[in-house]
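Secondary and tertiary structure notes
Chain residues, written in single-letter form:
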Amino acid sequence: MHNTDDLQETVDEIARVLGVSATLEDRSFRLLAYGAQHGDIDTVRQESILRRRASREVRDYFERFGIARAEGPVRIPADQELGVLARVCVPLRHASVTYGYLWLLGTLGDAELARIQRLTARAAAMLAQEARSRHDLGRELAALLSADPEERAGAAIELAGPVTAIAVKESQERVAALWTLPRGVLSRAGRPVAVLAPSHLAGEIAGNLQTAYGTAAGMGAPRRDPADAWQSWREAKHALRIAEHFPRFHPVARWDDLGVHRLLARLGTADLRELAAETAALDAELAHTVETYLDLGGHAQKAAAELGIHRQTLYYRLGKAERLTGRDLSDGDDRLAVHLALKAVRLLP
């Protein structure tokens, strides 16, 4: 987590020097610090302070002015419809990388902005230092979560348990601010994104990251000894796989809640294909019908209602599926084979 005291002190000093309202956000528009109010306040500043980040609509509006690529201050005009007063965005750049944004309400000239150049450089350096620290910890995390015992032995991380691993599917369109995660939470960008968190925070963090990326996430089981975190990571990746392919477990799947799906998640492609072959003769409609029927424990009335069909239509489809598969859905073993096959199909690449 950022050194909020230092950032807050810097923002307070900027607001005092210029006599304007100032807020500091990371590059994902998450609020990190804000100064005392000077003059008018607009909806954007109010919402940012209350909700700790700007709305997607407001972010899109600001990014339209090229702030992510700008090397110097960008003047943003007012927009009454969005509730935006005129403001200046100062990209906080260090070594040619933008780490956040300083927002100053009002219209300011170059001479005024020059008065806070030292302060903005300090804020940018603090954000960059935090990001580098996160990157170094990310490499150590990769070693800690490795399946190779020698790599794990070389990981120089001291953690207190219990810990839970989280796997999050990356996104081509959206980026989560991993460097803003709470202290004690380790993260590493990748495919999938890897996070190791104190177990009491894991559920909240998994939900927040899934929302940030707009994809899916999986959580492993807690491990009291952090040396066993690699096992939780393996489970988290399996759980993510289930979350991606089974709507009932989407968007965040917990390993402890997966039941028989744990076995399926562990299978490789060859084994899944062997299972799926049982129902290869079924078209999409028949497969969906049978899967729904079996998911509901063979309850015909519930299955027909769920599918929106007459019960006689359901019986006709089930009979046809039995003929095509050579399986008797009233037989426990046959029913299990068909059910597993239909689940295996979902996991095939």
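Residues numbered from 1 in each chain as written. Predicted model: local features only at pLDDT ≥ 70, side-chain atom pairs only at ≥ 80, totals over all residues. Heavy atoms only, no water.

Backbone hydrogen bonds are what pair the strands of a sheet, in a parallel or an antiparallel way. Taken in spatial order, the five strands of this open sheet run 7-8-6-9-10, and their pairing is mixed. Edge strands, defined here as strands with exactly one partner in the open sheet, are strand 7 (186-188) and strand 10 (252-254). The mean angle between the axes of side-by-side strands here comes to 15°, regardless of whether they run parallel or antiparallel. Sheet analysis places strand 6 (residues 163-168) next to strand 9 (residues 217-219), joined by three bridges and oriented antiparallel. From the neighbouring strand, A167 faces strand 9, where its bridge partner is G218. Contacts from helix 7 (residues 199-213) reach strand 6, strand 8 (193-198), strand 9 and strand 10, with the element oriented near 150° to strand 8. Running at roughly 35° to strand 6, helix 8 (residues 229-245) makes contact with strand 6, strand 7, strand 8, strand 9 and strand 10 of the sheet. (Pairing = 2+ DSSP bridges. Helix = DSSP H or I, 4+ residues; strand = E, 2+ residues; numbered from the N terminus. Axes fitted to C-alpha atoms, helices over the stretch in contact; angles between N-to-C directions. Contact = heavy atoms within 4.5 Å.)

Considering all chains together, one arrives at six aromatic pairs under this definition. Ring centres of Y61 and F65 lie 5.3 Å apart, and the angle between their planes is 80°; this geometry places the pair in the edge-to-face category. You can call F65 partly exposed: its relative accessible area is 32%. Taken together, the ring pairs in this structure connect F29, Y61, F62, F65, Y101 and W103 into an aromatic cluster. (Phe/Tyr/Trp six-rings, centres within 6.5 Å; stacked < 30°, edge-to-face > 60°. Buried < 20%, exposed > 50% of the residue type's maximum accessible area, 1.4 Å probe, protein only.)

Strands sit in the order 2-1-5-4-3 across an open sheet of five strands; the sheet is antiparallel. Edge strands, defined here as strands with exactly one partner in the open sheet, are strand 2 (31-34) and strand 3 (74-76). Ignoring which end each strand starts from, the neighbouring axes of this sheet average 25° apart. Pairing between strand 4 (residues 87-94) and strand 5 (residues 97-105): eight bridges, direction antiparallel. Pairing of R93 across the sheet is with T98, part of strand 5.

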